[in-house]
Amino acid sequence: MRALRLEMLADNPIAFLETLAQAAARPHEAFRQRLAQAAHGGRLAQFVADPGGRARLIGHAGGTVLPETPGETVVFAVYVTPEHRGGKVLAELVEAVAGWSRASGRERLMLEVVEGNRRAVRAYEKLGFEDTGERVPHPVLPALTELRMRRPI
């Protein structure tokens, strides 16, 4: 998971909430603890695409719930390795989050995408997400704007 996280940050540094340097500085144990935390309960989950065998992980998507929107799962840290983009990996990861969300009693998914990232917007639209018209500042780089997308479970 650590190797995948570092790849995510190197490939698309503005899409995630930490820098490559911050993630690289965290010990392996911190990654293990985060995964263990996400493995139980209905407030946080992480899913990975694992092709099996000795191959490296090829994708990730997380889900969490915010106190102000208890009926909605926020999809975060979505990433698919370049060689697996355009296939079914993204859909499988998002559906894993949706299944977890449904089991936790939530009715819709929400995610945020940096405005101008047309490739990501198109990919999410294919999965049923719609632009809500809401715009929010990027949480780390406030000069950037993110658009919100939602879909029912």
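These figures come from a predicted structure and were not determined experimentally. (Residues numbered from 1 in each chain as written. Predicted model: local features only at pLDDT ≥ 70, side-chain atom pairs only at ≥ 80, totals over all residues. Heavy atoms only, no water.)

### Remarks on the nonpolar core
Piece 1. Membership of the largest hydrophobic core comes to 22 residues, with the highest contact counts inside it found for Leu90, Leu109, Leu111, Val113, Tyr124, Phe129 and Met149.
Piece 2. Of all elements in the fold, only strand S3 (72-80), helix H4 (89-103), strand S4 (108-114), helix H5 (118-126) and strand S6 (145-152) reach the threshold of two or more residues within this core.
Piece 3. Broken down by element, this core gets its largest block of residues, six residues, from H4. (Core = buried A, V, L, I, M, F, W, Y, C linked by side-chain atoms within 4.5 Å. Buried < 20%, exposed > 50% of the residue type's maximum accessible area, 1.4 Å probe, protein only. Helix = DSSP H or I, 4+ residues; strand = E, 2+ residues; numbered from the N terminus.)

### Considering the sheet that holds S6
Piece 1. Read from one edge to the other, the open sheet built from six strands follows the order S1-S2-S3-S4-S6-S5, with strand pairing classed as mixed. This sheet does not close on itself; its edge strands, each paired only once, are strand S1 (44-49) and strand S5 (130-137). Each neighbouring strand pair of the sheet contributes to a mean axis angle of 25 degrees, computed without reference to strand direction.
Piece 2. Relative to S4, S3 runs parallel, the two being bridged by three bridges. Each residue of the ladder has a partner; that of Glu72, found in S4, is Arg108.
Piece 3. Lying on the sheet, helix H3 (residues 28-38) is in contact with S1 and S3; it crosses S1 at an angle near 110 degrees. (Pairing = 2+ DSSP bridges. Axes fitted to C-alpha atoms, helices over the stretch in contact; angles between N-to-C directions. Contact = heavy atoms within 4.5 Å.)

### Re a positive patch on the surface
Piece 1. A surface patch of positive charge is lined by Arg118, Arg119, Arg122 and Lys126.
Piece 2. Counting through the fold element by element, Arg118 comes out in helix H5. (Patch = residues over 30% accessible without salt bridge, like charges linked within 9 Å, V, L, I, M, F, W, Y side chains within 5 Å. Areas by Shrake-Rupley, 256 points an atom, 1.4 Å probe, with all protein chains shown as cover. Salt bridge = Lys/Arg side-chain N within 4 Å of Asp/Glu carboxyl O. Lys, Arg positive; Asp, Glu negative; His and termini not counted. Charge placed at Lys NZ, Arg CZ, Asp CG, Glu CD.)

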